[in-house]
Amino acid sequence: MRLNRDSFFTKLLISHLMIILISLLVLGVIFAYLVVNYYSGLKEWDATNNIRRIAHLVSRSISQDVLTPAAIKNNTDKINTISQSTNMEIGIINAEGQLLFKSTNIRQFNLPMELIEIESMLKGSKVTKKIFGPDDNYLLMIFPLIKESNDLILGPARSHNNEIVGGIIIQTPLDSFSTTVKNIIKFIIISFAITLVAAVIISIIFTRRVTKPIENIKSSALKIVAGKYEKVKLPQNSSEEIKHLVKTFNFAVDQVEETINKKNHLEKMQKDFIANVSHEFRAPLTSIKGFLELISDQNLSHGEIKKYISIMNKDAEYIEHLLSDLLTLSDLESRKLAIKKDDFLVLDMIKRALNSLQTKLENKNINLETVIGNQEMRILVDQNRIHQVLINLLDNAIKYSPINSTIKIGVSSLSDKEQYTNNVKFVISDQGPGISSEELDDIWNRFYKVNTARTREVEKGYGLGLAIVKEIIQLHGGKIYARNNAGRGVSIIFFL
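Procedures and definitions
Residues numbered from 1 in each chain as written. Predicted model: local features only at pLDDT ≥ 70, side-chain atom pairs only at ≥ 80, totals over all residues. Heavy atoms only, no water. Core = buried A, V, L, I, M, F, W, Y, C linked by side-chain atoms within 4.5 Å. Buried < 20%, exposed > 50% of the residue type's maximum accessible area, 1.4 Å probe, protein only. Contact = heavy atoms within 4.5 Å. Helix = DSSP H or I, 4+ residues; strand = E, 2+ residues; numbered from the N terminus. Pairing = 2+ DSSP bridges. Axes fitted to C-alpha atoms, helices over the stretch in contact; angles between N-to-C directions. Parallel < 35°, antiparallel > 145°, perpendicular 65-115°, else oblique. Left-handed = near helix turned anticlockwise from the far one by under 90°. Nonpolar A, V, L, I, M, F, W, Y, C, P; charged D, E, K, R; others polar. Salt bridge = Lys/Arg side-chain N within 4 Å of Asp/Glu carboxyl O. Arc of directions from axis to C-beta. Patch = residues over 30% accessible without salt bridge, like charges linked within 9 Å, V, L, I, M, F, W, Y side chains within 5 Å. Areas by Shrake-Rupley, 256 points an atom, 1.4 Å probe, with all protein chains shown as cover. Phe/Tyr/Trp six-rings, centres within 6.5 Å; stacked < 30°, edge-to-face > 60°. Lys NZ or Arg CZ within 6 Å of the ring centre and 35° of its normal.

1. Thoughts on the nonpolar core
Here comes step 1: Within the largest apolar cluster, 43 residues are counted, with the highest numbers of intra-cluster contacts made by Ile350, Leu393, Phe426 and Phe494.
Here comes step 2: Excluding its chain neighbours within four sequence positions, the residues that come into contact with Ile350 are Thr370, Ile372, Leu390, Ile409, Val411 and Phe426.
Here comes step 3: Grouped together as the second largest cluster of nonpolar side chains are 12 residues, Ile92, Phe101, Leu145 and Val165 included.

2. Examining the pairing of strand E13 (residues 490-495)
Here comes step 1: In terms of residue burial, E13 counts as a mostly covered element, since 6 of its 6 residues are buried.
Here comes step 2: For strand E11 (residues 424-429) and E13, the ladder comprises 5 bridges, and the chain directions are antiparallel. Paired with Ser429 across the two strands is Ser491, which belongs to E13.
Here comes step 3: Pairing of strand E12 (residues 479-484) with E13, which is carried by 6 bridges, proceeds in the antiparallel orientation. Looking at E13, one finds that Arg483 is bridged to Ser491.
Here comes step 4: If you look at the hairpin formed by E12 and E13, you'll find 5 residues sitting between the two strands, and Gly489 has a positive phi there, around 90 degrees.

3. Focus on the packing of helix H8 (residues 346-356) against helix H10 (residues 383-400)
Here comes step 1: The interhelical angle for the contact between H8 and H10, taken along N-to-C directions, is 50 degrees, at an axis separation of 9 Å. Between H8 and H10, the angle is such that the two are oblique. Pair H8 / H10 crosses with right-handed handedness. For the pair H8 and H10, the contacting residues are Met349, Ile350, Arg352, Ala353, Leu354 and Ser356 in the first and Gln383, Asn384, Ile386, His387, Leu390, Ile391 and Leu394 in the second.
Here comes step 2: Along the lines of polarity and charge, the residues of the contact of H8 with H10 split into 8 nonpolar, 4 polar and 1 charged.

4. A few points about the sheet that holds E13
Here comes step 1: A sheet is described by the order of its strands in space; here 5 strands give the open sequence E8-E10-E11-E13-E12, paired in mixed fashion. Both outer strands of the open sheet, strand E8 (367-372) and E12, are each paired with one neighbouring strand and no more. Going from strand to strand, the sheet's axes swing by 10 degrees on average, the running direction of each strand aside.
Here comes step 2: Against the sheet, H8 makes contact with E8, strand E10 (406-413) and E11, and its axis sits at roughly 165 degrees relative to E8, the strand it touches most.

5. What to know about the pattern of salt bridges
Here comes step 1: This model, assessed by the stated rule, comprises 2 salt bridges.
Here comes step 2: Measuring nitrogen to oxygen at the nearest pair gives 3.2 Å for the salt bridge that ties Asp343 to Arg378. Of this pair, Asp343 sits in strand E7 (residues 342-345) while Arg378 sits in strand E9 (residues 378-381); the two residues are 35 residues apart in sequence, bridging distant segments of the chain.
Here comes step 3: Under the relative-accessibility criterion, Asp343 is labelled partly exposed at 34%.
Here comes step 4: Ionic pairing is found between Lys360 and Asp395, a salt bridge with its closest N-O pair at 2.6 Å. Of the two residues, Lys360 is situated in helix H9 (residues 358-363) and Asp395 in helix H10; the sequence distance between them amounts to 35 residues.
Here comes step 5: Judged by relative accessible area, which is 41%, Lys360 ranks as partly exposed.

6. Describing H8
Since the α-helix turns once every 3.6 residues, residues separated by three or four places project in the same direction.
Here comes step 1: Of all the positions in H8, only Val346, Leu347, Met349, Ile350, Ala353 and Leu354 are classed as buried. Buried residues of H8, seen end-on, are gathered within an arc of 160 degrees and therefore sit on one face of the element.

7. Side note on helix H3 (residues 76-86)
Here comes step 1: Considered for burial, the residues of H3 that qualify are Ile79, Asn80, Ile82 and Ser83. Projected down its long axis, H3 carries its buried residues within an arc of 155 degrees, all on one side. In H3, the exposed residues that point more than 90 degrees away from the buried face are Asp77, Gln84 and Ser85.
Here comes step 2: Asn87 lies just past H3 and shows a positive phi near 55 degrees.

8. A look at the packing of H10 against helix H12 (residues 465-475)
Here comes step 1: One way to put it is that H10 packs onto H12 with a least axis distance of 10 Å and a crossing angle of 145 degrees. Every pair of crossing elements has a handedness; the one defined by H10 and H12 is left-handed. Side by side, H10 and H12 meet where Arg385, Ile386, Gln388, Val389, Asn392, Leu393 and Asn396 of the first sit next to Gly465, Leu466, Ile468, Val469, Ile472 and Ile473 of the second.
Here comes step 2: The class makeup of the residues in the contact of H10 with H12 is 8 nonpolar, 4 polar and 1 charged.

9. Some remarks on the environment of Ile472
Here comes step 1: With respect to the helices and strands, the residue Ile472 is situated in helix H12.
Here comes step 2: When the C-alpha atoms of Ile472 and Arg385 are compared, they prove to be 6.7 Å apart, with 87 residues separating the residues in sequence.

10. Regarding the pairing of strand E6 (residues 163-173)
Here comes step 1: Burial analysis of E6 places 10 of its 11 residues in the buried class, which makes it a mostly covered element.
Here comes step 2: Bridging between strand E1 (residues 89-94) and E6 involves 6 bridges; their strand directions are antiparallel. Its bridge partner lying in E6, Glu89 is registered against Gln171.
Here comes step 3: Taken together, the 10 bridges between strand E4 (residues 137-148) and E6 define a ladder with antiparallel strand orientation. If you follow Tyr138 over to E6, its bridge partner there is Pro173.

11. Comments concerning unusual backbone geometry
Most peptide bonds take the trans configuration, and most residues that are not glycine carry a negative phi.
Here comes step 1: Positive phi values are uncommon outside glycine, yet Asn365 reaches one of about 50 degrees.
Here comes step 2: By the secondary structure assignment, Asn365 is in the loop between H9 and E8.

12. Details of a nonpolar patch on the surface
Here comes step 1: Nonpolar side chains collect at one region of the surface, where Ile14, Met18, Ile22, Val26, Ile30, Tyr33 and Leu34 lie side by side and expose about 690 Å² of accessible area between them.
Here comes step 2: Relative to the elements of secondary structure, Ile14 occurs in helix H1 (residues 8-61).
Here comes step 3: Overall, Ile14 belongs to the partly exposed group, its relative accessible area being 48%.

13. Observations concerning the packing of aromatic side chains
Here comes step 1: In total, this model carries 2 aromatic pairs according to the counting rule given.
Here comes step 2: Ring centres of Phe426 and Phe494 lie 4.7 Å apart, and the angle between their planes is 5 degrees; on these two criteria the pair is classed as stacked. Highlighted residues: Phe426 in strand E11 and Phe494 in strand E13, separated in sequence by 68 residues.
Here comes step 3: Seen from the ring of Phe495, Lys479 lies directly overhead, with NZ or CZ sitting 5.5 Å from the centre.

Dropping the structure here:
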């Protein structure tokens, strides 16, 4: 695996290893220090116990509280035995600092002590020294012998009144001790190396687990640039922060994809809008241009001219209505068109709309079923705009309903506890041919026509009515949708 020193993976891995390395070094130094001090203390403890035995032997031989060679002569063999069995050189000095005895197990007894150390011992203090040389290493300890009652005890002195009669010197080699410490340090180094290797492996695995989702996010981001919206798989064994990062990225992918799709959809709608507007204007303009050429080039009778002018007038009215609706829809979408809400009786609004369409209803012999849950129900709306909604929806229902069919109008309150409510449901159902499920959401788009094969003359419309209806409902804070009935026909449901 090739490492990039500037990558997050490499930096995180190095950080982990540095922390582990420093921690191991600190622990190793502390452990080595504790071990060395433990063995050193153990050695001193062992030497102290042997010195106490020697002090006890000497105290039984002392005469007239003065430490002399004769006083320890009777115990020479015992002291030498202790020296040989413990591998320690033993020396005894008197109160003047003169060497009275030295063990015989080693050929030469070295006494690398300075005058200040002897003086410190003769004042009742214990002296401990570690002597390290190129050939030999020694532990040197000097204990004062204090006369107390009828016995000699080892110092240090507990008070200035204690009588110092001499001192005992212990010199023991530290070679075995040094070997033991070296072996321990060697063991620590080997353990350190094994632990470090294990830590490297664990750190790589852990770091990989942390950086893998980030690498996946990077890869997915590059694919998004190429137009492929791929989400990152949610890591199972990762921290909450990494999971949250992946979820946030996936959410961003959804939003980007949705935004791009909306943008593409809007671009398509803009192209379709331009095409539809061009189509809607082309037919009446072509008709007007054709009749104008006909009138100017031909010798027509007054009746023919009047007939052609009437046709051109209808085409001009069509263009005028189309422009008016386009401006109205633009104002509604940009929220420039203000609405003036007032309190109206729902029943009166329904009657007004039906009266406007009475002739169309009678021409197709359409039966009306009106169900209003509360006859006194009132609603706060812009009456003219809601009248426009009702007219448009009822006109569509009449247009696509067969002769002798039924149109149902239902109005109900979602909360009948009060006469006045903002939660009113309107349902207008016809028995027409219905709309395919794929087109139910598209009928609210500008210039969208369910049956594109129909001509303008047959449809008598240009696909802006439902778009205006939707904007008016939304401007009132409501919502609207369409659904196919179980038998036949379509129901338009909107809420105010």
